[in-house]
Amino acid sequence: MTHTDSFGLQGATCVVTGAGSGIGRGCALALAEAGARLLLLDLNEAGLSDTRKQIEQAGGHSLIQRCDTSDPDQVERAAALGERELGECAVLVNAAGILRPGPLDALPLAEWNKVLSVNLTAYFICAQTFGRQMRQRKRGALVHIASIAADHATPFSGSYSVAKAGVAMLSRQLAIEWAPHGIRSNCVNPGLTETGMTAPFHTDPDIVRRRSAAIPLGRIGQPLDIAQAVRFLASDMAHYVTGQEITVDGGFVRSVMATVPRPGYERP
Ligand code: NAD
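Reading the values: the criteria
- Residues numbered from 1 in each chain as written.
- Predicted model: local features only at pLDDT ≥ 70, side-chain atom pairs only at ≥ 80, totals over all residues.
- Heavy atoms only, no water.
- Helix = DSSP H or I, 4+ residues; strand = E, 2+ residues; numbered from the N terminus.
- Buried < 20%, exposed > 50% of the residue type's maximum accessible area, 1.4 Å probe, protein only.
- Contact = heavy atoms within 4.5 Å.
- Areas by Shrake-Rupley, 256 points an atom, 1.4 Å probe, with all protein chains shown as cover.
- Lys, Arg positive; Asp, Glu negative; His and termini not counted.
- Charge placed at Lys NZ, Arg CZ, Asp CG, Glu CD.
- Expected span 1.5 Å × (residues − 1).
- Polar contact = N/O pair within 3.5 Å; in protein donor to acceptor, adjacent residues only side chain to side chain.
- Axes fitted to C-alpha atoms, helices over the stretch in contact; angles between N-to-C directions.
- Parallel < 35°, antiparallel > 145°, perpendicular 65-115°, else oblique.
- Left-handed = near helix turned anticlockwise from the far one by under 90°.
- Nonpolar A, V, L, I, M, F, W, Y, C, P; charged D, E, K, R; others polar.
- Pairing = 2+ DSSP bridges.
- Right-handed = clockwise from strand over helix to strand, strands pointing away.
- 1 Å grid on protein atoms, 1.4 Å probe; cavity = no way out; pocket = protein on both sides within 12 Å on 5 of 7 lines; lining within 4 Å.
- Points joined across faces, edges and corners; volume = space filled by probe spheres on them.
- Near = heavy atom within 4 Å.

Engineer: Tell me about the overall build of the protein, residues and numbers included.
Structural biologist: Secondary structure assignment for the protein yields seven helices and seven strands. Each of the three principal axes of the protein carries a C-alpha extent, and together these read 60 × 45 × 40 Å. With 268 residues in all, the protein has 48% of them scored as buried. In the protein, once contacts between residues fewer than 6 apart in sequence are set aside, the share between residues at least 24 apart is 73%. Total accessible area on the protein stands at roughly 13300 Å², and carbon and sulfur atoms take up 55% of it. Charged side chains in the protein number 25 positive and 25 negative. The centres of these two groups are separated by 3 Å.

Engineer: Lay out helix α3 (residues 72–86) in plain terms, naming residues and giving numbers.
Structural biologist: The end-to-end C-alpha distance of α3 is 20 Å, a good match for the 21 Å that 15 residues give at a rise of 1.5 Å each. For α3, the secondary structure elements touched by its buried residues are β1 (13–17), β2 (37–42), β3 (61–66) and α4 (109–137). Regarding α3, its N-cap is D71, as a side-chain oxygen of that residue lies 2.9 Å from the backbone nitrogen of D73 further along. After α3 finishes, the residue G87 shows a positive phi value of roughly 95 degrees.

Engineer: Explain the packing of α4 against helix α5 (residues 158–178) to me, using residue names and the numbers behind them.
Structural biologist: Two numbers describe how α4 lies on α5: the axes approach to 8 Å, and their chain directions differ by 20 degrees. When the interaxial angle is binned, α4 and α5 end up roughly parallel. Helix-helix and strand crossings are classified by hand; for α4 and α5 the assignment is right-handed. Of the residues in α5, those in contact with W112, V115, L116, N119, L120, Y123, F124, A127, Q128, G131 and R135 of α4 are S159, Y160, V162, A163, K164, G166, V167, L170, L174 and W178. The class makeup of the residues in the contact of α4 with α5 is 14 nonpolar, five polar and two charged.

Engineer: Now, about the pairing of β3: what can you tell me, with residues and values included?
Structural biologist: Alignment of β2 against β3, held across six bridges, turns out to be parallel. Residue pairing in the sheet places D42 in a bridge with R66 of β3. Running through helix α2 (residues 45–57), the crossover from β2 to the neighbouring parallel element β3 is right-handed.

Engineer: Account for the layout of surface pockets, naming residues and giving values.
Structural biologist: Over the atoms a probe the size of a water molecule is rolled, and this reveals where empty space is left. Approximately 200 Å³ is the volume found for the second largest pocket. Across the lining of the second largest pocket, the residue classes break down as seven nonpolar, five polar and four charged.

Engineer: Can you tell me about the side chain of H144, naming the residues and giving the values?
Structural biologist: In this fold, H144 is placed in strand β5 (residues 140–145). Given a relative accessible area of 0%, H144 falls into the buried group. For H144, the residues in contact, after removing those within four places along its chain, are N94, Y123, V167, S171, L174, S185, N186, C187 and V188.

Engineer: Report on the site of the ligand, specifying residues and quantitative values.
Structural biologist: In the vicinity of the ligand there are 30 residues, among which S21, I23, D42, Y160 and T195 approach most closely. In this structure, T69 approaches the ligand through a main-chain N or O atom, which is 3.0 Å from a nitrogen atom. At 3.1 Å, a side-chain N or O of Y123 approaches an oxygen atom of the ligand. Elements with a contribution of two residues or more to the shell around the ligand: α1 (22–33), α4 and α5. For the shell around the ligand, the residue count by class is 14 nonpolar, 13 polar and three charged.

Engineer: Which residues make up the pairing of strand β6 (residues 183–190), and what values do they have?
Structural biologist: Across a regular strand the side chains alternate sides, sitting on one face of the sheet and then on the other. Burial analysis of β6 places eight of its eight residues in the buried class, the great majority of the element. Side chains I183, S185, C187 and N189 of β6 all project onto a buried face; the interleaved residues R184, N186, V188 and P190 project onto the opposite face, where all are buried too. Sheet analysis places β5 next to β6, joined by six bridges and oriented parallel. When the bridges of β6 are listed, H144 appears paired with C187. Crossover handedness for the path β5 to α5 to β6: right-handed. Here β6 pairs with strand β7 (residues 245–248) via four bridges, running parallel. For V188, the partnering residue across the bridge sits in β7 and is I246.

Dropping the structure here:
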């Protein structure tokens, strides 16, 4: 693979959580393409191996480690391994997440806690743990995968939306607290994206057609669409960008006025 270093990521140690599938895998591949050395974390070992294989096929290098990102001890061990093998972390992409159905009126507390723990608390644990390595090098970038659900209530996955809203504020908070250490923190908010998480939404062609039709750019997002924005925020190209969110959704959340009838204002 030939690398250009316009991203400033050549040889940089980048950590991606949730790298065994979907958006995390897409981010790992995009960062590897920019010459990064990768520490990839996930609960799914088979998925991690597949990601590593794809990176190797493209000429890149990665280290994989099974890790529950909501467990501080496991994250601490993974961080020590990464530092020993690859050097201090320059970039952390928080992508590991779960989506579970459940109306708030009947949601068991254990379900609420599980979603908050993986989708929000684990982002904090990973930021704190890998942030220590960034502070040592006086430089770093955090990119958190939140969601359009951070700003838009989503029926029957309220714990997820609340967790994602928390991720947005966690990111802004870190941006301000750690700016003096040269560490930036930003979010990417994916829209409807085709991954393992959303596979059940994409088995019926009619549902795929209706979901695609709801998106101004006319198609469901792919992990690479999201990864391009993540790589930008992780890179030197974004060296003056912190505390921000980039929505990558094909125009979906900006299209609310296109969904209501407006006689006289419609294409004949
Ligand atoms: P995915 O299911 O394909 O990938 C998520 C990965 O996270 C899986 O490999 C899973 O094993 C891993 N994971 C789950 N819990 C973990 C834990 N405790 N420790 C370590 N790894 C764990 O889903 P995806 O769509 O690629 O999701 C990636 C991120 O993007 C998530 O944060 C998700 O909320 C967010 N997101 C997805 C969409 C979408 O439409 N797919 C939209 C907005 C935001």
